[in-house]
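# Observations on the model geometry
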Amino acid sequence: MEVTAGWYMLLAAGLFAIGAVGLLVRRNALVMFMSIELMLNAVNLTFVAAGRELGLLQGQLAVLFVMVVAAAEVTVGLAIIVAVFRYRSSADVDDLAELKG
Amino acid sequence: MVSAIWLVIAFPLAGAVLLLAFGKRIGEPWSGWLASATMGAAFVVGLAATAGFVDGSQHPETVELFEWIPGLGVNASILWDPLSATMVLVVTGVGALIHIYSIGYMHGDPGYGRYFAYLNLFAASMLVLVLADNYGFLFLGWELVGLCSYLLISFWFEKPAAAAAGKKAFVVNRIGDFGFIIAMMIIFATFGTLSYVTVFTEAPILLTEGTATAITLLLLVGAAGKSAQLPLYVWLPDAMEGPTPVSALIHAATMVTAGVYLVARSGALFQLAPFSAGTVATVGALTAVFAAVIAIGQKDIKRVLAYSTISQLGYMFMGVGAGAYVAGVFHLMTHAFFKALLFMGAGSVIHAMRGEQNMEKMGGLRKAMPWTFITMAIAWLAIIGIPPFAGFWSKDEILAFTFDKGGGFLALWVIGLITAGLTAFYMSRMMFLTFWGKPRWAEGEDPHESPVTMVVPLVALAGLTVVGGLINTPLRLSLEHFLEPAFEQFHVMLPNEGSLTELTLLALVVLVVVVIGAVWAYVRYLRDPVPAETGVTWDRLENGFYVDDFYGKTIVLPGKKVAEVAAFDVDTKVIDGAVNGVGRGVKGASERLRPLQNGLVRSYAAWVLLGAVGLLVWLLARGAF
């Protein structure tokens, strides 16, 4: 059986859904971050798969962009989580609800 | 010389600018002399430029100064023709004398420099008005003289009455201006320009009688406002709150004649609209007799003269309405001489009586101030129309032309005749009460003759009053011939003078009426004590038939009501309500949207996901992929 681009897409969709559900149901900030990474990488997978299928370089280029941005985001995000953890001794995001309307 | 005619405007304008900037520093009396000198210089330039018309070498000419609003055909350019020349000479000549008179009259006033700055600015504006070669430039002068009139009426603004009078003059004039502006709009819509030359030469081709009537009636509204004709005359009696030389210059000799000038200048339009011309004459005649009746009951010497001015302006309107433009302008000119003289004489009397204006407290002044008395007596004989003084020639010419026109104009002639009798009566009353009889002035008063700067202009104007009429007698129509080119250039027809026999007969009729009026006043007022004028009728006369109260009730009060409703109901409730309503709406909506911002990051994420899915569904549904 040949592995076509459609399979990659299916896998990416599955990974994305797992990440999204994880983001919504978990309360630990660290795990939520991991879920986001999962979603980002699901998207990356669609990019490279589509790029390869269509014979275009843009797919791989986009992936590099996403990786860089994700790395930056993680850096900032982790720093915030560490700061919050030091302040509250907890990484439960539901406790961080002071900025409500 | 004609190319330098702009100097006529520039001199007084420069004077005004200088005095506004440095008036306080220049001080008394030099600011007065500076202002007078600019007027004198303007007069000399005007005279030199007029010389060409007299010997016939000069023809009407347009002098371009600069482009102003070319799209409207409105340029700052001057039409130099005999009509504008006549007006320039009257404005600068009489103006210069009144400036000189003011040097003495305004002595010791804290606003000395400011006064002369305004006076100079007025002269410059009036000269713009009469020299303009298009309605737009004329309107600039028209509005500026209105402004100066306002500034000078309320010159002593610390007096509430003066401040109110200035405001009233301004507001009433705006009503007239409203008509004038609409007239200009129709002119522009019809001709595509406001320039006299185009409008007047194309008028017979482009104008239907209906449009011509509309334009000219609206012009009449403007003219009636500026020239204090029925029903817009009410501001002029109140304008007497200003300094007396201002009354002489602006509210007797020059500015109020602007309406007459406007009608005469627009003769090419008025001759296409006989109905409007008839209306002008009727308004004039009615104003003449109405104001003359009110003048009989006035106790304040300046108010007598104010109503007399309204009445005489009515004569001028009657003249120009009857198509006798030269006669109207002639009376404008002689009236400028004798009415300025009367006002300045009255000023001299008031000066001597230390501010007293009530004639019942005067009497017997002829011995105390002989110069004022003699000059005023000449003006008195001139205004009531005793030959050979100026008023006789000009008033009788207007009446003769009205008579000659026949038809409905005969009724106007009768009104004019009655007015002549009334004029003789009230002017004689004023003279007898002021200068004859026993002194009735207050204890300790010692009236004395005015200083020489005030007397010299009186004498000069008295001279003009004596000889001024002789420039246009039926025997020698010099002014008529002088002015003809101004009307011929736009093909305005001038009526022919009646035969000498007819004119003599008419003059005799008028003279009889005049003498009856004067003798009646003589019998009534030259006795001791003078009749006490009290009672309902006199009260009505003194208060001008309560027209002011009537206007107050029918126009001012409803206007105030409308303003109140607009301010307290419409503004606070509707306008503010709408603004506050928008604010409240936004606040309410945000109150309802607030719970969405619940601070739970995961719920935000859920919304984002939901939004993304929704967007995807929408895109798929409309078949984007």
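Procedures and definitions
- Residues numbered from 1 in each chain as written.
- Chains lettered and ligands numbered in written order.
- Predicted model: local features only at pLDDT ≥ 70, side-chain atom pairs only at ≥ 80, totals over all residues.
- Heavy atoms only, no water.
- Helix = DSSP H or I, 4+ residues; strand = E, 2+ residues; numbered from the N terminus.
- Rg over C-alpha atoms; globule rule 2.2 N^0.38 Å.
- Buried < 20%, exposed > 50% of the residue type's maximum accessible area, 1.4 Å probe, protein only.
- Contact = heavy atoms within 4.5 Å.
- Buried area = accessible area lost by both parts, 1.4 Å probe.
- Salt bridge = Lys/Arg side-chain N within 4 Å of Asp/Glu carboxyl O.
- Polar contact = N/O pair within 3.5 Å; in protein donor to acceptor, adjacent residues only side chain to side chain.
- Nonpolar A, V, L, I, M, F, W, Y, C, P; charged D, E, K, R; others polar.
- 1 Å grid on protein atoms, 1.4 Å probe; cavity = no way out; pocket = protein on both sides within 12 Å on 5 of 7 lines; lining within 4 Å.
- Points joined across faces, edges and corners; volume = space filled by probe spheres on them.

### Side note on the overall build of chain A
From N to C terminus, chain A includes three helices and zero strands. Of the regular secondary structure in chain A, the N- to C-terminal order runs α-α-α. Rg of the C-alpha trace for chain A: 17 Å, well past the compact-globule value of 13 Å for 101 residues, more than 25% over. Overall, chain A is about 50 × 25 × 25 Å in size when its C-alpha atoms are taken along their principal axes. Split into buried and exposed, the 101 residues of chain A put 27% on the buried side. Considering only intrachain contacts with a sequence separation of at least 6, the fraction spanning at least 24 residues in chain A is 56%.

### Section: the side chain of serine 35 of chain A
Residues and elements named next belong to chain A. For serine 35, the location among the structural elements is in helix 2 (residues 29-54). By relative accessible area, serine 35 is classed as buried at 7%. Those residues in contact with serine 35 that lie beyond four places of it in its chain are Gly19, Gly22 and Leu23.

### Description of helix 10 (residues 244-253) of chain B
Within helix 10 of chain B, ten of the ten residues are buried, leaving the element largely enclosed by the surrounding structure. Within helix 10 of chain B, burial applies to Thr244, Pro245, Val246, Ser247, Ala248, Leu249, Ile250, His251, Ala252 and Ala253 of chain B.

### Considering the interface of chain B and chain A
Opposite the ten residues of chain B that make contact, chain A presents 14 residues. With both sides pooled, the region where chain B packs onto chain A buries about 980 Å², and carbon together with sulfur makes up 63% of that total. Interface area lost by chain B to chain A is led by Leu600, Arg602 and Leu609 of chain B, which between them contribute 52%. For aspartate 94 of chain A, the salt bridge identified is with arginine 602 of chain B, shortest N-O distance 2.8 Å. Linking chain B with chain A are three residue pairs in polar contact (both at pLDDT 80 or more). Tallied by class, the residues present in the side of chain B that touches chain A amount to five nonpolar, three polar and two charged.

### What about empty space enclosed by the protein?
A probe as big as a water molecule, rolled over the atoms, marks out the empty space that is left. Residues and elements named next belong to chain B. Enumeration according to the criterion identifies four cavities of 30 Å³ or more in this entry. Size it by volume and the largest cavity reaches roughly 60 Å³. Around the largest cavity, the lining residues are Trp142, Glu143, Gly146, Ser149, Tyr150, Ala169, Phe170, Asn173, Arg174, Asp177 and Lys226. Among the elements of the structure, helix 5 (135-153) and helix 6 (160-191) are those that each provide at least two residues to the lining of the largest cavity. For the lining of the largest cavity, the class distribution of residues is four nonpolar, three polar and four charged.

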